[in-house]
Amino acid sequence: ELGTFVRSRESQLRFCYQEQGLKQNPNLAGSITTNITLTSSGNVTNVSIGNRSWGGAGASDAENCIRSRIRSWKFPSGQEGTYAFSFNFTK
């Protein structure tokens, strides 16, 4: 259920990659793993980047945008805990 929810919003994260990452670094590509902590009501209390395979110009700005977007999401209730989701970003 959570995977479907996240994948349905992945275009928001791709926007961060394109607008914050690629505009600074046209060669930016790689993957990140986000750790998302949820309350039982579906609110996001923390988003961190656990692993990353990219770096350099644009990477931190893209990650900041991604964290901000995920923090604004309201997940389905009843899923309290921390969950990891991986995303691949390539042109």
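All figures in this text were calculated on a predicted structure; none of them were measured in a lab. Throughout this document, residue positions are counted from 1 along each chain, in the order its sequence is written. In keeping with the model being predicted, local features are shown solely for residues with a pLDDT of at least 70 and side-chain atom pairs are shown and tallied solely at 80 or more, while totals for entire chains, interfaces and linings include all residues. As a rule here, side-chain values cover all heavy atoms of the structure and leave hydrogens and water aside.

### Considering the state of the cysteines
So, step 1. In this description, the term disulfide denotes a pair of cysteine sulfurs within 2.5 Å. A complete count under the given rule lists one disulfide for this structure.
So, step 2. Each disulfide pairs two cysteine sulfurs, and for cysteine 16 the partner residue is cysteine 65, the sulfurs being separated by 2.0 Å. Across the S-S bond of cysteine 16 and cysteine 65 the torsion is about -65°, and the bridge reads as left-handed. Here cysteine 16 is found in helix H2 (residues 10-22), whereas its partner cysteine 65 is found in helix H3 (residues 59-71), with 49 residues between them in sequence. Put simply, DSSP H or I for four residues or longer makes a helix, DSSP E for two residues or longer makes a strand, and each gets a number counted from the N terminus.

### Observations concerning the side chain of threonine 33
So, step 1. Its location among the elements puts threonine 33 in strand E1 (residues 30-38).
So, step 2. Under the relative-accessibility criterion, threonine 33 is labelled buried at 15%.
So, step 3. There is a polar contact of 3.0 Å between the side chain of threonine 33 and the side chain of serine 86.
So, step 4. With sequence-adjacent residues up to four places away left out, threonine 33 is seen in contact with Ser48, Ile49, Gly50, Asn51, Ala84, Phe85 and Ser86. Relative accessibility under 20% of the residue-type maximum defines a buried residue, over 50% an exposed one, and the middle range a partly exposed one, all with a 1.4 Å probe and only protein chains included. Contacts described as polar in this section are N or O atom pairs within 3.5 Å, which, within protein, must combine one atom able to donate a hydrogen with one able to accept it, while residues neighboring in sequence count only if both atoms come from side chains. Should any heavy atoms of two residues lie within 4.5 Å, those residues are counted as being in contact.

### Section: the packing of aromatic side chains
So, step 1. Here is the rule: rings of Phe, Tyr and Trp (six-membered ring for Trp) pair when centre to centre is within 6.5 Å. Planes less than 30 degrees apart are stacked, more than 60 are edge-to-face, and the remainder are tilted. Within this structure, the stated rule accounts for seven aromatic pairs.
So, step 2. Residues tyrosine 17 and tryptophan 54 carry aromatic rings whose centres are separated by 5.9 Å and whose planes lie at 15° to one another, so their mutual orientation is stacked. Here tyrosine 17 is found in helix H2, whereas its partner tryptophan 54 is found in the loop between strand E2 (44-52) and H3, with 37 residues between them in sequence. Like tyrosine 17, the residue tryptophan 54 is buried in the burial classification.
So, step 3. Arranged with centres 6.0 Å apart and planes meeting at 55°, the rings of tryptophan 73 and phenylalanine 75 form a pair that is tilted. Like tryptophan 73, the residue phenylalanine 75 is buried in the burial classification.
So, step 4. In textbook terms, an aromatic cluster arises when at least three aromatic residues are bridged by ring pairs, as seen for Tyr17, Trp54, Phe87 and Phe89.
So, step 5. Criterion for a charge above a ring: Lys NZ or Arg CZ within 6 Å of the ring centre, and within 35 degrees of the ring normal. Sitting over the face of the ring of phenylalanine 5, arginine 9 holds its NZ or CZ atom 3.6 Å from the ring centroid.

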